[in-house]
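The chain contents come next:
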Amino acid sequence: MATKTELSPTARESKNAQDVQVDETLIPRKVPSLCSARYGIALVLHFCNFTTIAQNVIMNITMVAMVNSTSPQSQLNDSSEGLPVDSFGGLSKAPKSLPAKAPVYDWSPQIQGIIFGAVGYGGILTMAPSGYLAGRVGTKRVVGISLFATSFLTLCIPPAADFGIVLLIVTRIVQGLSQSSILGGQFAIWEKWGPPQERSRLCSIALSGMLLGCFTAILIGGFISETLGWPFVFYIFGGVGCVCCLLWFVVIYDDPVSYPWISTSEKEYIISSLKQQVRSSKQPLPIKAMLRSLPIWSICLGCFSHQWLLSTMVVYIPTYISSVYHVNIRDNGLLSALPFIVAWVIGMVGGYLADFLLTKKFRLITVRKIATILGSLPSSALIVSLPYLNSGYITATALLTLSCGLSTLCQSGIYINVLDIAPRYSSFLMGASRGFSSIAPVIVPTVSGFLLSQDPEFGWRNVFFLLFAVNLLGLLFYLIFGEADVQEWAKERKLTRL
């Protein structure tokens, strides 16, 4: 993703550059190569997001093995009587023998909801500041330090759970601060690395790592829990994060000028494609104008409603399959992970499709809104239909797979719309919009846990209907007020000190 930035002395001296879309006729034409440095940067970000989200969601699959609501106190499942149950008290058909010395806890649905949501508290606080900070000091430092922090805290989850619920929740909150800094701070790198005409595909490659992380964590999380014990899920993914952190500091550079392994032709291509862009790192943020901007609010609310959809799928797919269809923990992981590998493929294809439509003279706002509609409405409609289908888990998994796959089309829609309307402040606004939307992962587990505990018979219907209503309202607001033109307050000639 490209934002308004300057990468050469010539660009720094261009004080009157306008925040307009780059005319492709002025940019040297170069066929994108998957072996190029910028796609290498996107691939490393892909693995960084893979690690971050995997560490985020492993709690959702291990919870099936961690909870034993039949026991009033925490105990060790060193016999077949300590069977894992689904997250809301229903006995799942788990294996009759689990690894010895794997702790099992008596956590109510409300406590589980708090544990699930705790990691999201940090997103509200750090998304926008991390985006702004990355624009100032560089993505390499902000994301690299945060990646190490979340990996270390992942290793600390099992002992924290043994020590007590309060320490576990605090650890999850601090872990959320680190993970949110990764998600909010990474977008600043495209200010210097992303040609404008390749925004959608570079962004899709990077963000699709989240989906691959969900797939891998949910798929093998159940297997590891069953064979080694749930604590090893955290130890393994925490260790992978530490290795990924080393790779990050070795490979990532904040700009192509200082990158040692880039070809001269690619360096010139990236710099020339961004020479009209103006950097905003030393300019004040027009906060008042941002708060009054309906297009900004439409992005924030649209992202919030879509995150409500994604949070429900990520947190409750394992629990839904386990409690409704009574499959064991290994099959639960396989069935729960399937939608995310499909979403991983569709997400990357969607980025290429969006850029293709732009080459066919589609209006930019039309492409963004089409991608958002296809990523929101069908997905929520498929999920809300699940409780009304008298079918087996294969049909349910197929619908969940299709719903999850289509949802990733929003990556090429609402999630990068900020780059269109305010490219000068994209790193901050990307973090701010993601931070606002991260309220959803905090609310969803708590509200859903309450609905499921209050109404065991119709709990899932209530959860899914609420999902559909929130998603529809956010989508409508975005369709009415969403824009793709650079806003007046985001142009240099309109910039005022606040």
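Residues numbered from 1 in each chain as written. Predicted model: local features only at pLDDT ≥ 70, side-chain atom pairs only at ≥ 80, totals over all residues. Heavy atoms only, no water.

**A word on the overall build of the chain**
Line of reasoning, step 1. Of the regular secondary structure elements, the chain holds 18 helices and two strands.
Line of reasoning, step 2. Taken across its 498 residues, the chain has 60% of its residues classed as buried.
Line of reasoning, step 3. A separation threshold of at least 6 residues defines the contact pool for the chain, and within that pool the share at least 24 residues apart is 85%.
Line of reasoning, step 4. For the chain, the computed accessible surface area is about 19400 Å², with 66% contributed by carbon and sulfur atoms. (Helix = DSSP H or I, 4+ residues; strand = E, 2+ residues; numbered from the N terminus. Buried < 20%, exposed > 50% of the residue type's maximum accessible area, 1.4 Å probe, protein only. Contact = heavy atoms within 4.5 Å. Areas by Shrake-Rupley, 256 points an atom, 1.4 Å probe, with all protein chains shown as cover.)

**Considering the side chain of Q307**
Line of reasoning, step 1. Locating Q307 in the fold gives a position in helix α11 (residues 294-325).
Line of reasoning, step 2. Excluding residues that lie within four positions of it along the chain, Q307 makes contacts with Y415, S437, A440 and P441.

**A closer look at the packing of helix α7 (residues 199-227) against helix α8 (residues 231-251)**
Line of reasoning, step 1. Packing of α7 against α8 brings their axes to within 8 Å, and their N-to-C directions diverge by 135°. Taken as axis vectors, α7 and α8 run oblique relative to one another. For α7 against α8, the interelement crossing comes out right-handed. Here T216, A217, I220, G221, I224 and S225 of α7 come into contact with α8, specifically with F232, V233, I236 and F237. (Axes fitted to C-alpha atoms, helices over the stretch in contact; angles between N-to-C directions. Parallel < 35°, antiparallel > 145°, perpendicular 65-115°, else oblique. Left-handed = near helix turned anticlockwise from the far one by under 90°.)

**Considerations on the confidence of the model for the chain**
Line of reasoning, step 1. When the pLDDT values of the chain are averaged, the result is 79; 80% of them are 70 or greater.
Line of reasoning, step 2. pLDDT under 50 marks residues 1-32. Its contacts with residues more than four places away, or in other chains, come to 87 contacts.
Line of reasoning, step 3. Note that residues 69-98 has pLDDT below 50 and, in this model, 68 contacts with residues that lie over four places away or in other chains. (pLDDT = per-residue confidence, 0-100.)

**Concerning a nonpolar patch on the surface**
Line of reasoning, step 1. A cluster of nonpolar residues, F163, V166, L167, V170 and V174, forms a patch on the protein surface that exposes about 470 Å² of accessible area.
Line of reasoning, step 2. No other element matches helix α5 (residues 165-185), which puts four residues into the nonpolar patch.
Line of reasoning, step 3. As for its placement among the helices and strands, F163 is situated in helix α4 (residues 139-163).
Line of reasoning, step 4. Classification of F163 as exposed rests on a relative accessible area of 68%. (Patch = residues over 30% accessible without salt bridge, like charges linked within 9 Å, V, L, I, M, F, W, Y side chains within 5 Å. Salt bridge = Lys/Arg side-chain N within 4 Å of Asp/Glu carboxyl O.)

**So, the pattern of salt bridges**
Charged atoms that come close allow side chains of opposite charge to pair.
Line of reasoning, step 1. The tally for this structure, following the rule as stated, stands at four salt bridges.
Line of reasoning, step 2. For E198, the salt bridge goes to R38, with nearest N and O atoms at 2.9 Å. With E198 in the loop between α6 (190-193) and α7 and R38 in helix α2 (residues 37-66), this pair connects stretches of sequence that are 160 residues apart.
Line of reasoning, step 3. A salt bridge links R38 to E266, with the shortest nitrogen-to-oxygen separation between them at 3.0 Å. Taken together, the residues R38 in helix α2 and E266 in helix α9 (residues 264-273) connect sequence positions 228 residues apart. Like R38, the residue E266 is buried in the burial classification.
Line of reasoning, step 4. Taken together, the shared-partner salt bridges in this structure form one network comprising R38, E198 and E266.

**A closer look at the packing of aromatic side chains**
Line of reasoning, step 1. For the coordinates displayed, the defined rule picks out 16 aromatic pairs.
Line of reasoning, step 2. Among the aromatic residues, ring-to-ring pairing joins Y105, W107, W230 and F234 into one connected group. (Phe/Tyr/Trp six-rings, centres within 6.5 Å; stacked < 30°, edge-to-face > 60°.)

**Description of the packing of α2 against α4**
Line of reasoning, step 1. Viewed as axis vectors pointing N to C, α2 and α4 meet at an angle of 30°, and their least axial separation amounts to 11 Å. Taken together, the axis directions place α2 and α4 in an arrangement best described as roughly parallel. Where α2 crosses over α4, the two elements pack in a sense that is left-handed. Across the interface between the two elements, C48, T51, T52, Q55, I58 and M59 from α2 touch V143, L147, T150, S151, T154 and I157 from α4.
Line of reasoning, step 2. Residues of the contact of α2 with α4, tallied by class, amount to six nonpolar, six polar and no charged. (Nonpolar A, V, L, I, M, F, W, Y, C, P; charged D, E, K, R; others polar.)

**Some points on unusual backbone geometry**
Line of reasoning, step 1. The phi dihedral of K361 is positive, around 70°, even though this residue is not glycine.
Line of reasoning, step 2. Position of K361 among the secondary structure elements: in the loop between α12 (329-359) and α13 (364-384).

**Looking at the nonpolar core**
Line of reasoning, step 1. M59, W107, W230, F340, L429, F464 and W489 are the most contacted members of the largest nonpolar core, which totals 95 residues.
Line of reasoning, step 2. Here this core gets 15 residues from one element, more than from any other, and that element is α11.
Line of reasoning, step 3. Inspection of this core shows a minimum of three residues originating in each of domain 1 (37-66 + 105-277) and domain 2 (280-497).
Line of reasoning, step 4. Excluding anything up to four places from it in sequence, W230 contacts T62, A65, M66, A102, P103, Y105, P158, A161 and S225.
Line of reasoning, step 5. The next biggest cluster of nonpolar side chains, apart from the first, holds 26 residues, and it includes A37, L45, I189 and Y259. (Core = buried A, V, L, I, M, F, W, Y, C linked by side-chain atoms within 4.5 Å. Domains from an automatic or database assignment.)

**Remarks on helix α17 (residues 439-454)**
Line of reasoning, step 1. End to end, α17 covers 23 Å across 16 residues, agreeing with the expected 22 Å (1.5 Å per residue, within 8%).
Line of reasoning, step 2. Within the sequence span of α17, burial applies to A440, V442, V444, P445, S448, G449 and L452. (Expected span 1.5 Å × (residues − 1).)

**A few points about α4**
Three- or four-residue spacings in an α-helix give side chains the same orientation, since the helix completes a turn every 3.6 residues.
Line of reasoning, step 1. Look at α4: 35 Å from first C-alpha to last across 25 residues, which is about the 36 Å you get at 1.5 Å a residue.
Line of reasoning, step 2. Of all the bends in α4, the greatest reaches close to 45° and is centred on I157; the proline P158 follows between one and four positions later. (Bend = angle between axes of the 7 residues up to and from the residue.)

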